[in-house]
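Residue-level listing of the chains:
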Amino acid sequence: QTSPHIGHIILREGFKPGHTGWCGGGIYFAATPQATVGKAIGPDSHTGFIIAAKVNLGRAKLMYGRCEHDMTEAKLRRWGYDSILWHPSPCCAFGDEYVVYSPDRVLSTWHHKW
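Scope of this entry: the structure provided in the associated data block. Here the structure is a predicted model, which means the values were calculated and not measured.

**So, the overall build of the protein chain**
And step 1. Counting its secondary structure elements, the protein chain contains 2 helices and 6 strands.
And step 2. Each helix and strand of the protein chain, placed in order from N terminus to C terminus, yields the pattern α-β-β-β-α-β-β-β.
And step 3. Within the protein chain, buried positions represent 31% of all 114 residues.
And step 4. In the protein chain, once contacts between residues fewer than 6 apart in sequence are set aside, the share between residues at least 24 apart is 66%.
And step 5. Just so you have it, the protein chain exposes about 7100 Å², and 55% of that area is on carbon and sulfur atoms.

Printed below as a string of C-alpha cells:
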C-alpha cells in the first residue's frame, strides 16, 4: 500500500526502488491486497491506496526468515537471480513478499480498488 497521492504518482511515473527495507532498497510486492494490511508499517510507509502490478520476477531466490538488509540488484545478479521471493516468518501468517530491484521488471500497473 501507499498513500493516494503517492499512488497516483507511481501510476503516472512508474515504480522506483526504495532506499531501505528488509531485503534492501527494492520494490516490494505482496501476493494479495489483504496481505498489504500488515506490511505497510515502516517509518516511510503509507496506506490507503493499492497498486496492482504484473511483475516479471525472472529467476527468484527463495529466502526464509531474515533477508539481507544490504541486498542490491548487483549482488543478487552475482548469485544468478533477478528477484527475491521472501517468506518473512515461518510461524506466522504475514504472507510472502516479492522484491525486484529494477523498475523494468514491473510490466504493468493499475489502481486496485477494494
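More follows now that the structure is in view.
**Structural notes on the pattern of salt bridges**
Opposite charge on two side chains makes pairing possible when the charged atoms of those side chains draw close.
And step 1. Scanning the model with the defined rule gives 7 salt bridges in all.
And step 2. Its salt-bridge partner being Arg 77, residue Asp 82 comes within 3.8 Å of it at the nearest N-O pair.
And step 3. Each of Glu 73, Arg 77, Asp 82 and Arg 105 takes part in a single network of salt bridges with overlapping partners.

**Quick word on the environment of Gly 14**
And step 1. For Gly 14, the position within the fold is in the loop between helix H1 (4-13) and strand S1 (27-30).
And step 2. With relative accessibility at 30%, the residue Gly 14 sits in the partly exposed group.
And step 3. Sequence separation between Gly 14 and Pro 103 is 89 residues, and the spatial gap between their C-alpha atoms is 7.2 Å.

**Comments concerning the state of the cysteines**
And step 1. Applying the stated criterion across every chain, the model contains 1 disulfide.
And step 2. Disulfide partner of Cys 23: Cys 67, at an S-S distance of 2.1 Å. Its S-S torsion of approximately 115° makes the covalent link between Cys 23 and Cys 67 right-handed. With Cys 23 in the loop between H1 and S1 and Cys 67 in the loop between strand S3 (60-64) and helix H2 (73-78), the pair connects residues that are 44 residues apart, well separated along the chain.
And step 3. The exposure class of Cys 23 is buried, given its relative accessible area of 0%.
And step 4. Accessibility expressed as a relative area gives 8% for Cys 67, which makes it buried.

Thresholds applied
Residues numbered from 1 in each chain as written. Predicted model: local features only at pLDDT ≥ 70, side-chain atom pairs only at ≥ 80, totals over all residues. Heavy atoms only, no water. Helix = DSSP H or I, 4+ residues; strand = E, 2+ residues; numbered from the N terminus. Buried < 20%, exposed > 50% of the residue type's maximum accessible area, 1.4 Å probe, protein only. Contact = heavy atoms within 4.5 Å. Areas by Shrake-Rupley, 256 points an atom, 1.4 Å probe, with all protein chains shown as cover. Salt bridge = Lys/Arg side-chain N within 4 Å of Asp/Glu carboxyl O. Disulfide = S-S within 2.5 Å.

Spatial relationships are all this shows, so hold off on functional conclusions.
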